[in-house]
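# Secondary and tertiary structure notes
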Amino acid sequence: MPHIAKWVLYPVASQEQVFNHLIASAKQTAWGKQYHYKSIENIADFQRQVPLSDYDRSKPFINQMLNGEANTLWPGEIRWFAKSSGTTSDKSKFIPISSENLKLATTKLPSILWPYT
């Protein structure tokens, strides 16, 4: 069964799987440590422990990544950033792109979506 079919047939389970992967992956990052990701076991824990955030709350972490620091918002070193046009307090925003995300977007995602285009 193609991945997208599983997402359609089992949306809650699919979202829980992605959620668990993201939490497990970010446990050892500065962000994950600040918000105690190690103790997050479900969505309710996440909602209690992690405040709603905007770009300004993430900006210090993004600046650290721009300066080459690893394990801030996501594990490892972030080498790529998308630049957006400014819509809030900054003229431009830098959106971190992990190697994992880049690989997914360029290799895996097109093959998942191909049968549905």
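I will try to describe carefully the structure that is included in this document.

## Digging into the side chain of Thr 29
Turning to its location among the elements, Thr 29 is positioned in the loop between α2 (11-26) and α3 (30-34). On the accessibility criterion, Thr 29 (0% relative accessible area) is buried. Here Gly 32 takes part through its backbone nitrogen, which lies 2.9 Å from a polar atom of the side chain of Thr 29. Side-chain polar atoms of Thr 29 contact the backbone oxygen of Thr 72, separated by 3.5 Å. For Thr 29, the residues in contact, after removing those within four places along its chain, are Asn 71, Thr 72, Leu 73, Trp 74 and Pro 75.

## Notes on helix α5 (residues 55-66)
For α5, the full list of buried residues reads Tyr 55, Ser 58, Phe 61, Ile 62 and Met 65. Projected down its long axis, α5 carries its buried residues within an arc of 125°, all on one side.

## Concerning the nonpolar core
Counting residues in each nonpolar core, the largest one holds 14 residues, and the members touching the most others are Ile 23, Trp 31, Tyr 35, Tyr 37, Ile 40 and Val 50. Among the secondary structure elements, those contributing two or more residues to this core are α2 and α5. Counting residues per element, this core draws most heavily on α5, which supplies four residues. Apart from the residues within four sequence positions on either side, Trp 31 is in contact with Tyr 37, Val 50, Ser 53, Arg 57, Ser 58, Phe 61, Thr 72 and Leu 73.

## Some words on unusual backbone geometry
Most peptide bonds adopt trans geometry, and most residues besides glycine take a negative phi value. A positive phi angle is found at His 36, which is not glycine, with a value near 55°. Note on placement: His 36 falls in the loop between α3 and α4 (43-49). Since its relative accessible area comes to 52%, His 36 is described here as exposed. Phi at Asn 71 is positive, roughly 60°, even though this residue is not glycine. Summarising the element assignment, Asn 71 is placed in the loop between α5 and β1 (80-85).

## Focus on the environment of Asn 71
Judged by relative accessible area, which is 36%, Asn 71 ranks as partly exposed. The spatial distance from the C-alpha of Asn 71 to the C-alpha of Thr 29 is 4.6 Å, given a sequence separation of 42 residues. Leaving out residues up to four positions away in the same chain, Asn 71 has contacts with Gln 28, Thr 29, Ala 30 and Gly 76. At 2.6 Å, the side chain of Asn 71 and the backbone nitrogen of Gly 76 are in polar contact.

Conventions and cut-offs
Residues numbered from 1 in each chain as written. Predicted model: local features only at pLDDT ≥ 70, side-chain atom pairs only at ≥ 80, totals over all residues. Heavy atoms only, no water. Helix = DSSP H or I, 4+ residues; strand = E, 2+ residues; numbered from the N terminus. Buried < 20%, exposed > 50% of the residue type's maximum accessible area, 1.4 Å probe, protein only. Polar contact = N/O pair within 3.5 Å; in protein donor to acceptor, adjacent residues only side chain to side chain. Contact = heavy atoms within 4.5 Å. Arc of directions from axis to C-beta. Core = buried A, V, L, I, M, F, W, Y, C linked by side-chain atoms within 4.5 Å.

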